[in-house]
Amino acid sequence: MKVLKFGGTSVGNAERLKRVSTLLPKNEPCILVLSAMSGATDWLIEITELAQNKKMVDAIEKGKQLKDKHIKTANELFETKMYRKRGEEFVANIFHRIISKLVDSFDSDDSKGIVAMGEQLSVGLFHMLLTEQGKRATYLPALEYMRIDRESEPDLFYIEQNINRLLHSNPFSTIYVTEGFICRNAQGKIDNLGRGGSDYSAAIIGNVVNATEVQIWTDIDGVHNNDPRYVDNTTPLRSLSYDEAAELAYFGAKILHPQTIHPCRMKGIPVLLKNTLNPQDEGTLLTEKVRAKGIKAVAAKDGITAINIRSSRMLLAYGFLKRVFEVFDTYKTPVDMITTSEVSVSLTIDNNTHLNEIIQSISWFAQVEVERNQTIICVVGDFLATHKGYAARVLDCLREVPIRMISYGGSHNNITLLVDSHYKVQALSMLQHLFISNPIRPIANSIEV
Ligand code: ADP
Ligand code: ASP
Ligand code: MG
């Protein structure tokens, strides 16, 4: 069984949905995991926010516009009049449910139910398309098997039991279609896996069905060596190890949801990133294996807050760092980077929800300073300490950029730097010189030092 995930742009209009239907594996059953049509989730979130702010007329108007987009898609998608009618009715019915939720005493619990309808729409239409094409396709409603626990972690046991139950009750299908992103939480309410979470859904499904491969289909030829949204002339990498890909995803490479690697790594399932708009391209293969040494790619993560903690007397005393980390533990706030000196420790967080409480708690035993609007720049590759020169070359590229923190040696896979967000694009562009001055070798895809 293969699991194929198609993102928002891959299912963004009728022509794209038809294209997806030509990309299915020929000789192996598959589960297709779809995102909402591009922009639909943003739009649905906006509708719920308008409703929360009691701007019902605007919310309903926005709902109508999104409905028109889906009705247009339904009209262009199907060959036959019968299916066009069915498609229109399906879309109208979902929007009827959205409007009912908005007008019947809307409360914030309804928001996630409304947001989930983006994926339900794209999957419903695509399933109808496969059926019209005469393919034996089965719909697997994600809300019947995808569940997170109290810690917002996937409940793998529940998911495995329930998806297998659904698969076994439709044993003659070779194509299964399901929603990415959406799930139920520990209370049974509709929830989701976070923005961009359809990649994660595909990885979780791959894990529980023991897939032979998870494919992530998007709008670019795999993982590039730098962020193509900010830097020109980036190029795709042909392979990365799970560790390298996980670092890139966590530190900002939008092509992969940060949690995607873990469920696949647990079972050694290869992940292949492919371009729906250019399926001939081989894409990027992620496996356990490191296939090349050296610097491979760069990514950036915005919205970082640096916290500097000073204590001239106690910093390096036994137990001090434990006290600091207990505060972050209490407020369930993960720390990304950390550097220390004799008198202070600096660390970064990407979630400011409990920042005030954290500052207050630490202020009891140390001085605290906070700098917002920071960006982590992450340089990823295979940097064995025995191979010289990586850090020097990275820092040399960044000589025009003020660097706030540097972290190196935590793993073989990254050199991480913190800069003011103002310098992000400059830093990424300067780091592209790492690849320009050292042309990538066709097989290794890395710079040998
Ligand atoms: P989808 O809707 O298919 O999930 P996303 O927009 O989430 O697609 O991810 C694909 C986008 O990620 C690309 O269009 C590209 O702009 C962006 N991106 C950021 N960093 C990278 C990178 N290192 N390699 C490839 N794409 C990247
Ligand atoms: N539709 C969701 C989002 O826009 C999930 C995804 O696209 O992966 O975040
Ligand atoms: Mg995505």
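Residues numbered from 1 in each chain as written. Chains lettered and ligands numbered in written order. Predicted model: local features only at pLDDT ≥ 70, side-chain atom pairs only at ≥ 80, totals over all residues. Heavy atoms only, no water.

> Looking at this structure, I do not really get the site of ligand 2. What am I missing?
The environment of ligand 2 is formed by Ser 35, Thr 41, Glu 119, Phe 181, Arg 195, Gly 196, Gly 197 and Ser 198. In this structure, Ser 35 approaches ligand 2 through a side-chain N or O atom, which is 3.3 Å from an oxygen atom. For ligand 2, whose free accessible area comes to 260 Å², the fraction covered by protein is 86%. (Near = heavy atom within 4 Å. Polar contact = N/O pair within 3.5 Å; in protein donor to acceptor, adjacent residues only side chain to side chain. Areas by Shrake-Rupley, 256 points an atom, 1.4 Å probe, with all protein chains shown as cover.)

> Can you walk me through the site of ligand 1 in this structure?
Taken together, the neighbourhood of ligand 1 is formed by 16 residues, with Lys 5, Thr 218, Asp 219, His 224 and Lys 254 sitting nearest. Here an oxygen atom of ligand 1 sits 3.0 Å away from a polar atom, N or O, in the side chain of Lys 5. Between ligand 1 and Ile 255, the relevant distance is 3.4 Å, taken from an oxygen atom to a main-chain nitrogen or oxygen of the residue.

> How do you make sense of the packing of aromatic side chains when you look at a structure like this?
The geometry of an aromatic ring pair is captured by the separation of the ring centres together with the interplanar angle, meaning the angle of the planes. One pass over the full model with this rule turns up four aromatic pairs. Residues Phe 78 and Tyr 83 carry aromatic rings whose centres are separated by 5.9 Å and whose planes lie at 35° to one another, so their mutual orientation is tilted. Exposure class is identical for Phe 78 and Tyr 83. Each is buried. Ring geometry for Tyr 250 against Phe 251: centres 5.0 Å apart, planes inclined by 80°, an arrangement best described as edge-to-face. Taking relative accessible area as the criterion, Phe 251 reaches 6% and is therefore assigned buried. The ring of Phe 365 carries Arg 323 above its face, with NZ or CZ at 4.3 Å from the centroid. (Phe/Tyr/Trp six-rings, centres within 6.5 Å; stacked < 30°, edge-to-face > 60°. Buried < 20%, exposed > 50% of the residue type's maximum accessible area, 1.4 Å probe, protein only. Lys NZ or Arg CZ within 6 Å of the ring centre and 35° of its normal.)

> Sorry, what's going on with unusual backbone geometry here?
Residues apart from glycine generally show negative phi values, whereas peptide bonds are mostly found in trans. The backbone of Asn 233 sits at a positive phi, close to 60°, despite the residue not being glycine. Inspection of the secondary structure puts Asn 233 in the loop between strand E7 (213-218) and strand E8 (239-241). Here Asn 233 falls in the exposed class, since its relative accessible area comes to 66%. For Asn 373, which is not glycine, the phi torsion reads 55° and is therefore positive. Inspection of the secondary structure assignment puts Asn 373 in strand E14 (residues 367-382). Overall, Asn 373 belongs to the exposed group, its relative accessible area being 57%. (Helix = DSSP H or I, 4+ residues; strand = E, 2+ residues; numbered from the N terminus.)

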